[in-house]
Structure formats: C-alpha cells, structure tokens
Amino acid sequence: MADDCFRQPRLAAIYDPLDPDRSDLDAYLRLAEEFGARQVLDIGCGTGVFALLLTDRGIDVVGIDPAQASVDVARAKPGSERVRWICGDATALPPLQVDLATMTANVAQAIVDLDTWQKTLQGAYAALRPGGHLVFETRDPARRAWEEWTRENSYRVTAIPGVGSVESWVQLIDVSWSLVTFRWTYAFAADGQVLTSDSTLRFRERNEVEADLVAHGYVVQDVRDAPDRPGREFVFLARRPDPQ
C-alpha cells in the first residue's frame, strides 16, 4: 500500500515541487550508461522523474508504481508517452527482458513487509536478462538518519504555481528495531486544508541485504557509496549471472 503522499491526488500533485532537487538520480543515470542499458525497469517510479530522464537518453523504460495518483502525475508530463507505465508492483510484472532494474531513493526501504521484499527481488530477477543488473540504495542504519527527522530541521514554506503556499514538515513517530515510522504534514494556505502522510521504512543491515540478494540468485557485484551522501547510504549493484 502506497503512502498518502503518493496516492492522495492533492499530495501527489505537489510531490515534485516540494522536492525539486533530484541530483540523487545522477548516479543512477551514470550507472545506466556504465552498463550500456537500453531497456530499464524503474520499480517505484513515482511521478516519473527518473523514467523520463532515461527516455531523454533514448532508453526504453517501464515504470511501475502502486500509487495510481503518482502514475497519473507521471502520465501527464511531457514525453510520458515514451514510457510504459504500470500501476502495480514488482511482485506481479508482465514478461520483461531488461538490462537494468532500479529502485531509487526510498523505494527499497519502503518495502517493509518481509515477504513482499523477497517477492520484489524475485520479480526483478525474472525481469532481467542474463547479465542484467539490479541497482538500489538503502540507508546505513548505523547513521541513525531518523534522529534528524524533526519539525525544526524540516519545516519550510513552498510557493507552488497554481496551488499557493504550502507549509510542510516531518516528525518522527516510532522506532521499533529496524522499522522507523514518521509523519509528513502539509498545510495549504489557499483553503486551510491540512493533510498528513505516515510512512514506515525498514533499515536493513548491509549483510542482510547481501544475503537476500544471493538467496535469489544474484551476484553482488559491488556495494558503493551514494556520491551525494558519502557514508550514509549503501548502493547495491547486483547482477543476474549469465547461464553457465
């Protein structure tokens, strides 16, 4: 189930203006180039930012996301007709043979259910051609990023054309072992409406993720830093091996 910030139409419509700096995607674009990817599966594509960046480079993209409102935003963007959009998740994909599958930003951590996580890895593996790669990131639990998720650190007012001013901030709700729950609040000046969106992320240890990948047949090719967040993230590069 997608969080309200992705599936509630009013929140999905302001997702991009509230987070306009997507330089975190630059590393994924470089990896697509490094691997010579011509077909990409973007798991958790959201409002389609990364998928459309890929198509600008002549890459064929399938973007899949469980939040219909986010997919609707993606479909309304210029150039969206070049992407195959699917409302769903990687546990039930159509037959594909892609060079690269990605889960950018919080996508991997947002899959908190253990069974769904295993089925997502399985689905991505099935979608990859032999020799294809799965790339995703997850925060290093040792850095305890959630300790910075406070109203004081996050409060801002954003002027959005056609919408007006929107106040937004995050507050930590609960930390239970590897599960961290937090709440974003959005206050619309135009009509006074206040909407909230609760999210839970699973913080996995590096060895746990590597073991899951190997169990599903992947070869863990590398674990890198996120270039824009050194020491904070694990970026996993896993490969579906060629037939022996």
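Everything below is about the structure shown above.
Residues numbered from 1 in each chain as written. Predicted model: local features only at pLDDT ≥ 70, side-chain atom pairs only at ≥ 80, totals over all residues. Heavy atoms only, no water.

Asks: How should the environment of Val 194 be read in this particular structure?
Replies: Summarising the element assignment, Val 194 is placed in strand β9 (residues 194-202). When the C-alpha atoms of Val 194 and Thr 116 are compared, they prove to be 32 Å apart, with 78 residues separating the residues in sequence. The residues contacting Val 194, other than those within four sequence positions of it, are Thr 185, Tyr 186 and Ala 187. (Helix = DSSP H or I, 4+ residues; strand = E, 2+ residues; numbered from the N terminus. Contact = heavy atoms within 4.5 Å.)

Asks: I'm lost on helix α10 (residues 206-215) in this one. Help?
Replies: Counting along an α-helix, one turn takes 3.6 residues, and residues three or four places apart therefore face a common direction. All of the buried residues in α10 are Val 209, Asp 212 and Leu 213. For α10, the buried positions fall inside an angular range of 100° around the axis, keeping them on one side. Across from the buried face of α10, at angles greater than 90 degrees, the exposed residues are Asn 207, Val 214 and Ala 215. Packing partners of the buried residues in α10 comprise α8 (114-127), β5 (128-139), β10 (219-224) and β11 (233-239). Looking at the residues trailing α10, positive phi occurs at Gly 217, about 95°. (Buried < 20%, exposed > 50% of the residue type's maximum accessible area, 1.4 Å probe, protein only. Arc of directions from axis to C-beta.)

Asks: Looking at this structure, how should I read the packing of aromatic side chains?
Replies: In this description, an aromatic ring pair is defined by two values, namely the gap between the centres and the angle between the planes. Summed over the entire model, instances satisfying the criterion amount to 11 aromatic pairs. Judged by centre distance (5.7 Å) and plane angle (85°), the rings of Trp 117 and Phe 136 are edge-to-face. Here Trp 117, found in helix α8, pairs with Phe 136, found in strand β5; they are 19 residues apart in sequence, far enough to count as distant. Here Trp 149 and Phe 203 contribute two aromatic rings whose centre-to-centre distance is 6.3 Å and whose plane-to-plane angle is 45°, an arrangement assigned as tilted. Pair noted here: Trp 149 is in the loop between β5 and α9 (151-154) and Phe 203 is in the loop between β9 and α10, with a separation of 54 residues, a long-range link. Neither Trp 149 nor Phe 203 differs from the other in exposure class; each is buried. Taken together, the aromatic side chains of Trp 117, Phe 136, Phe 234 and Phe 236 make up a single cluster linked through ring pairs. (Phe/Tyr/Trp six-rings, centres within 6.5 Å; stacked < 30°, edge-to-face > 60°.)

Asks: In this structure, what is going on with helix α4 (residues 26-34)? I would like to understand it.
Replies: All of the buried residues along α4 are Ala 27, Tyr 28, Leu 29, Leu 31 and Ala 32. At its buried positions, α4 is contacted by α5 (49-55), β4 (98-103), β5, β10 and β11.

Asks: Sorry if this is basic, but what is going on with the sheet that holds β11 here?
Replies: The strands making up a sheet associate through hydrogen bonds between their backbones, and the pairing can be parallel or antiparallel. Reading across the sheet, the 7 strands line up as β3-β2-β1-β4-β5-β11-β10 and stay open at both edges, with mixed pairing between neighbours. Edge strands, defined here as strands with exactly one partner in the open sheet, are β3 (83-87) and β10. Strand-to-strand, the axes of this sheet are offset by a mean angle of 15°, without reference to chain direction. Looking at chain direction, β5 and β11 are connected through 7 bridges and run antiparallel. When the sheet's bridge partners are listed, Arg 139 is paired in β11 with Glu 233. The sheet contacts of α8 involve β1 (39-43), β4 and β5, and relative to β5 the element is tilted by about 145°. Contacting β5, β10 and β11, α10 runs over the sheet at an angle of about 15° to β11. (Pairing = 2+ DSSP bridges. Axes fitted to C-alpha atoms, helices over the stretch in contact; angles between N-to-C directions.)

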